[in-house]
Amino acid sequence: MGSGQPGGEGDLWGEVPGIWAPLEISVQRFAATSLHPPGASAGFLVRAPTAPSLCVTCKAMWLCLVALVGLYFLLRWYRERQVVSHLQDKFVFITGCDSGFGNLLARQLDLRGLRVLAACLTEEGAQQLRGQTSDRLETVILDVTKTESISAAAQWVKERVGDRGLWGLVNNAGVSVPTAPNEWLTKHDFMKILDVNLLGLLEVTLSLLSLVRKARGRVVNVSSVMGRLSVLGGGYCISKYGVEAFSDSLRRELSYFGVKVAVIEPGYFSTNISSPEKISRATQEAWDQASPEVKEIYGEKFLASVKKSIEKLESLCCNNLYLVTDCMEHALTARHPRTRYSPGWDAKLFYLPMSYMPTVLVDAIISWSSLKPLKAL
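Just so it is clear, the model here is predicted, and its values are computed rather than measured. (Residues numbered from 1 in each chain as written. Predicted model: local features only at pLDDT ≥ 70, side-chain atom pairs only at ≥ 80, totals over all residues. Heavy atoms only, no water.)

To continue, consider the overall build of the protein. Scanning the protein from terminus to terminus reveals 14 helices and seven strands. Here the protein holds 377 residues, and 41% of them are scored as buried. Summarising the internal contacts of the protein: among those between residues at least 6 apart in sequence, 68% fall at separations of at least 24. (Helix = DSSP H or I, 4+ residues; strand = E, 2+ residues; numbered from the N terminus. Buried < 20%, exposed > 50% of the residue type's maximum accessible area, 1.4 Å probe, protein only. Contact = heavy atoms within 4.5 Å.)

Okay, structure coming up:
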């Protein structure tokens, strides 16, 4: 018959001696319980799922997943379409209304019926804006780099809103120059941008926060995709990273009082901030003040290449500023505003995805696409 050992040539167990009997009984019990469930007939056998049944199961799982995703976006769409009531009684204070996003938003909200309080840097900008809007809109001169100007504007706002409080504060004022390799710049160059984009925003917000809290209103801070991905030297990216951090902490603190904080992170849009002439002029000034050692390292050809790339900037910028101001308006008027808005296809498809990539990969991509100094290794 067999060899008397497990795995013999004849029967599976051969002539099982007494020492193998318990093991044989255990195997038989396992087969009986696994292949013949309790209550099943002797001829019942549990079989592994076949390929067609697995395929059907996978399809059902994918359909459920698609249905859940679709339901999520449907509910999100429904929530975001709900609008705050009595908008005509609400005051919104906007900085940087001489041109660009602030100017367009002021006109847009005025058409919507809100009580717009527009802050302009120059009287000329204020006068031009008043000529394009209704009598509801009021203007004030504001320099966000000067404490006395901010205090006067805050008092002016308080006199107009009274006990109703300030529904919306839009920190839009900003500058982008000088922008150049960091070695070309001085501390004063960095402070020029930080004073407006970050420190001015902080002081304006703190001066008006009690009025916003009284109305359980909104704070809308204009940042940039450069607040998510730093690709430029100078103070601009630093300032926008600061705006992101301040907005996050402020949102969490004010949530206890019913105040919502939103951040706008636009891509490249055609405004005064992205003017090729201004950026090119500021780049040349930064080069002129750089040390002889720095000039030798980078070379004149590098400067020429930078200027050529700046000239192409205008063609890369989107002209539809409504993509940004519509986000601002939604943040102010929707019952359920988003925490962050990223208008512009470059923001959605390039900068934001890159901000989630591993640092080593982002560095490689930026290094590959950037201009190289003359004496680069």
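Further remarks concern the sheet that holds strand 3 (residues 138-141). The strands that make up a sheet are held in pairs by hydrogen bonds between backbone atoms, and each pair lies either parallel or antiparallel. Pairing is parallel in the open sheet, where seven strands are placed in the order 3-2-1-4-5-6-7. Lying at the two open borders of the sheet, with one neighbouring strand each, are strand 3 and strand 7 (340-341). Relative to strand 7, strand 6 (residues 260-264) is paired through two bridges, and the arrangement is parallel. Counterpart to valine 263 in the pairing with strand 7 is arginine 340. Running over the sheet, helix 3 (residues 100-112) touches strand 1 (91-94), strand 2 (115-120) and strand 4 (168-171) and is turned about 170° from strand 1. The sheet strands contacting helix 5 (residues 147-161) are strand 1, strand 2 and strand 3, and the helix crosses strand 3 at an angle near 160°. (Pairing = 2+ DSSP bridges. Axes fitted to C-alpha atoms, helices over the stretch in contact; angles between N-to-C directions.)

It is worth spelling out unusual backbone geometry at this point. The omega torsion of the bond from valine 177 to proline 178 falls at 10°, within 30 degrees of zero and hence cis. A positive phi angle, near 50°, is found at arginine 216, a position not held by glycine. If you trace the backbone, arginine 216 turns up in the loop between helix 6 (187-215) and strand 5 (218-222). What makes arginine 216 exposed here is its relative accessible area of 59%.

Between its first and last C-alpha, helix 10 (residues 300-311) extends 17 Å over twelve residues, near the 16 Å set by a 1.5 Å rise per residue. Looking only at helix 10, the buried set comprises Phe302, Leu303, Val306 and Ile310. Along the axis of helix 10, the buried positions cluster into a sector of 100°, meaning they face one direction only. Structural note: helix 10 exposes Glu300, Lys301, Lys308 and Glu311 on the side pointing more than 90 degrees away from its buried face. (Expected span 1.5 Å × (residues − 1). Arc of directions from axis to C-beta.)

Attention now goes to helix 5. For helix 5, spanning 15 residues, the distance from its first C-alpha to its last is 21 Å, which sits close to the expected 21 Å at 1.5 Å a residue. Taken residue by residue, helix 5 has Ser149, Ile150, Ala153, Ala154, Trp156, Val157 and Val161 as its buried positions. Here the buried residues of helix 5 occupy an arc of 160° about the axis, which is enough to place them on one side. Opposite its buried face, helix 5 presents the exposed residues Glu148, Ala152 and Glu159, each directed more than 90 degrees away. Structurally, helix 5 contributes buried residues whose contacts are with strand 1, strand 2, strand 3 and helix 6. A positive backbone phi angle near 60° is found at glycine 162, which sits one or two residues after helix 5.

Further remarks concern the packing of aromatic side chains. Enumeration according to the criterion identifies eight aromatic pairs in this entry. For the ring pair tyrosine 268 and tyrosine 351, a centre distance of 6.1 Å and an interplane angle of 55° mean the geometry is tilted. Linking tyrosine 268 in the loop between strand 6 and helix 8 (276-289) with tyrosine 351 in helix 13 (residues 345-355), this pair joins segments that are 83 residues apart in sequence. Assessed through its relative accessible area of 12%, tyrosine 351 is described here as buried. Positioned above the aromatic ring of tryptophan 167, the side-chain terminus of lysine 90 is 4.4 Å from the ring centre. (Phe/Tyr/Trp six-rings, centres within 6.5 Å; stacked < 30°, edge-to-face > 60°. Lys NZ or Arg CZ within 6 Å of the ring centre and 35° of its normal.)

To continue, consider the side chain of serine 239. Summarising the element assignment, serine 239 is placed in helix 7 (residues 235-254). Serine 239 sits in the buried class, given a relative accessible area of 0%. There is a polar contact of 3.2 Å between the side chain of serine 239 and the side chain of asparagine 197. When neighbours within four sequence positions are excluded, serine 239 is seen to be in contact with Ile193, Leu194, Asn197 and Leu198. (Polar contact = N/O pair within 3.5 Å; in protein donor to acceptor, adjacent residues only side chain to side chain.)

One pass over the full model with this rule turns up 13 salt bridges. For glutamate 265, the salt bridge identified is with arginine 228, shortest N-O distance 2.9 Å. With a gap of 37 residues between them, glutamate 265 in the loop between strand 6 and helix 8 and arginine 228 in the loop between strand 5 and helix 7 connect regions that are remote in the sequence. Between arginine 340 and glutamate 265 there is a salt bridge, with the nearest N and O atoms lying 3.1 Å from each other. One end of the pair, arginine 340, is in strand 7; the other, glutamate 265, is in the loop between strand 6 and helix 8, with 75 residues separating them in the sequence. Taken together, the salt bridges that share partners define one network made up of Arg228, Glu244, Asp248, Arg251, Glu265 and Arg340. (Salt bridge = Lys/Arg side-chain N within 4 Å of Asp/Glu carboxyl O.)

Moving on: the pairing of strand 3. One face of the sheet, then the other: side chains in a regular strand alternate in exactly this way. In this sheet, strand 3 lies alongside strand 2 in parallel orientation, the contact comprising four bridges. Bridge pairing links alanine 119 to valine 140 in strand 3. A crossover links strand 2 with its parallel partner strand 3, the connecting element being helix 4 (residues 123-130), and its sense is right-handed. (Right-handed = clockwise from strand over helix to strand, strands pointing away.)

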